[in-house]
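Observations on the model geometry
Here's the letter readout for the chains.
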Amino acid sequence: MDPVLIPILVAAIVVVFLVAATVRIVPQARRYNIERFGRYRRTLQPGLNFVVPVADRVNTKLDVREQVYSSAPKPVITEDNLVVNIDTVLYYQITDPRAAAYEVADYLQAIDQLTVTTLRNVIGSMDLEQTLTSREEINARLRAVLDDATGKWGIRVNRVEIKAIDPPHSIQEAMEKQMRAERDKRAAVLHAEGERQAKILTAEGTKQKDILEAQGAQQAMILRADGEAKAVELVFQAVHRNNADPKILAYKYLETLPHLAKSDNNTFWVIPGELTEAVRAVTHAFGDQSAMGLPASTQPEEGAAASDADSAPDEDGAPEIEAGSPLSLDAAAAADEVAKRADAVVSDAKAEAARTAQVPGRGQTSGD
C-alpha cells in the first residue's frame, strides 16, 4: 500500500466520525437533554440538530406525548374502618423535559406514591357508601394535589380516574343482599301500585257504566212519558174535536174493566161508584136492559157493599173490599161476573157500532 494513502484514509475516518458525532436527528414528540462535560446544556427539539463532538452528549430522551400510567391496587382504610383496594389510572404529559430529568429521580414512582398518600387522606374522611358514590369528588381532589406537586417536576396531570374500588368480600355479599332486598321492595311496590290502579280504573268503569245506564233509562222513561202524553193529548183533542157522545165514553170506560180484574198483583179491589152509571148509560143507549141485569144472588151483595161504602167511604168516595175480609170471595166473584158482563157489553157495543156505521145518520139520531 502506498504510504501516502494511509494518512488520507485515517483522515477520512476521523471526518466521518466527527460528522456522525456532530449531527443529531430528533423524532417528532421527542426531546433530548444535552450535557456538556456533565453539565446540562440545552434540550434538542425535533429535527436536525448539531452538537459538539466529544464535549456534548445526550443524557435523557423523553416522550412529551400524553401518557397513561395504571398503578397496582392499593389498600385504603375508610372512615368506618373498612379496607378497600383502589386502582387508579393517571393521564400525564411532560411539559418541561429539563425539570422531568433533573428535578426528580423517577417521576413515575413519585407520582404513584403521591397518589397513594392522597387517596388515603381523601378516603380516610369518607365512609364506604360515600367512597363508592363520590368518584368525581375523589378524582377532582386527586388531580388538584397532583397538579400542585408535579408542576415543579415539569409534568402536567391531565386526568385522574379511579378504575376500581373493591370492598371486602363480606361487604360485597351484604351489599348484594341489600340490593336484592331493594329490588324486591320496588317490585312489590310497583305490583301493588298496578293493582291499585287496576281497581281504580275498574271502579271508574263501573261507575261510568251505571251512570250511562241510569241516563239511558231516564231518557227512555222521558221519551216514553212524552209519547204517552202526546197520545193522550191527541186522544183528548180528537174526543173534543169530534164531540163524542156519552155512549162512546161509557164504552171506553167499560173496555178497561177486564184488565183491572185480571191483574195478579192486586190484593184488594176498589169498585168505582160510576160503574153502575156507566153500565146504565150503555144499556140505555143500546136498549138492552136485560143484558146488564145482575142475578138475584148478586143484588143483595151489591146492596151490602153499598151500605158498607156509605158507612166507611174512602178518600175517593168508592167502596173498598180487602182480600182478608169475609166478603173478599164474594167481591172477587162479583168482579169476575162484572168483567164477563163488561166483555159481553163491549162485544155487543162493537157489533152495534158496526151496524150503526153502515146506516147513515142512525148514531146521530140516537144521540139526539
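Above this note sits the structure.
It should be emphasised that the depicted structure is a prediction, and the values quoted were computed from it without experimental measurement.

1. Re the packing of aromatic side chains
Under the defined criterion, the tally for this structure stands at two aromatic pairs. Considering the side-chain rings of Tyr40 and Tyr102, the 5.5 Å spacing of their centres and the 65 degrees angle between planes classify their relative orientation as edge-to-face. Linking Tyr40 in strand E3 (residues 39–44) with Tyr102 in helix H2 (residues 97–102), this pair joins segments that are 62 residues apart in sequence. Geometrically, the ring pair formed by Tyr92 and Tyr107 is edge-to-face, given 6.0 Å between the ring centres and 65 degrees between the ring planes. Remark: Tyr107 occurs in helix H3 (residues 107–123) and Tyr92 occurs in strand E8 (residues 83–94); sequence separation between them is 15 residues. Grouping residues by exposure puts Tyr92 and Tyr107 together as buried. One Lys or Arg, Arg98, reaches over the ring of Tyr40 and ends 5.6 Å from the middle of that ring.

2. A closer look at helix H5 (residues 135–150)
Here H5 spans 22 Å end to end across 16 residues, near enough to the 22 Å set by a 1.5 Å rise per residue. Buried residues belonging to H5 abut E8, H3, helix H4 (128–133) and strand E9 (155–166).

3. Here's the deal with unusual backbone geometry
If you check the backbone angles, Ala29 has positive phi at about 65 degrees while not being a glycine. Within the fold, Ala29 resides in the loop between strand E1 (23–26) and strand E2 (30–36).

4. A short note on the nonpolar core
One finds Ile86, Leu90, Ile138 and Ile155 to be the most contacted residues of the largest nonpolar core, which totals 28 residues. Taken together, the elements giving at least two residues each to this core come down to E8, H3, H5 and E9. Element by element, the count of residues in this core is highest for H3, at seven residues. Residues contacting Leu90, with those up to four places away along its chain left out, are Gln67, Val68, Tyr69, Ile111, Leu146, Val157, Arg159 and Val160.

5. Quick word on the sheet that holds E2
The three strands are arranged E3-E2-E5 in an open sheet whose pairing can be described as antiparallel. Every other strand in the sheet has two partners, leaving E3 and strand E5 (56–63) as the edge strands with one partner each. For this sheet, the mean angle separating the axes of adjacent strands, direction not counted, is 25 degrees.

6. Things to note about the pattern of salt bridges
Under the counting rule described, the total for this entry stands at nine salt bridges. Between Arg36 and Asp56 there is a salt bridge, with the nearest N and O atoms lying 2.5 Å from each other. With a gap of 20 residues between them, Arg36 in strand E2 and Asp56 in strand E5 connect regions that are remote in the sequence. Judged by relative accessible area, which is 26%, Arg36 ranks as partly exposed. For Asp56, a relative accessible area of 6% translates into the label buried. Among the salt bridges present, the one from Arg141 reaches Glu137, with a minimum N-O distance of 4.0 Å.

Criteria and cut-off values
Residues numbered from 1 in each chain as written. Predicted model: local features only at pLDDT ≥ 70, side-chain atom pairs only at ≥ 80, totals over all residues. Heavy atoms only, no water. Phe/Tyr/Trp six-rings, centres within 6.5 Å; stacked < 30°, edge-to-face > 60°. Helix = DSSP H or I, 4+ residues; strand = E, 2+ residues; numbered from the N terminus. Buried < 20%, exposed > 50% of the residue type's maximum accessible area, 1.4 Å probe, protein only. Lys NZ or Arg CZ within 6 Å of the ring centre and 35° of its normal. Expected span 1.5 Å × (residues − 1). Contact = heavy atoms within 4.5 Å. Core = buried A, V, L, I, M, F, W, Y, C linked by side-chain atoms within 4.5 Å. Pairing = 2+ DSSP bridges. Axes fitted to C-alpha atoms, helices over the stretch in contact; angles between N-to-C directions. Salt bridge = Lys/Arg side-chain N within 4 Å of Asp/Glu carboxyl O.

Without other data, these values stay purely geometric and don't point to any function.
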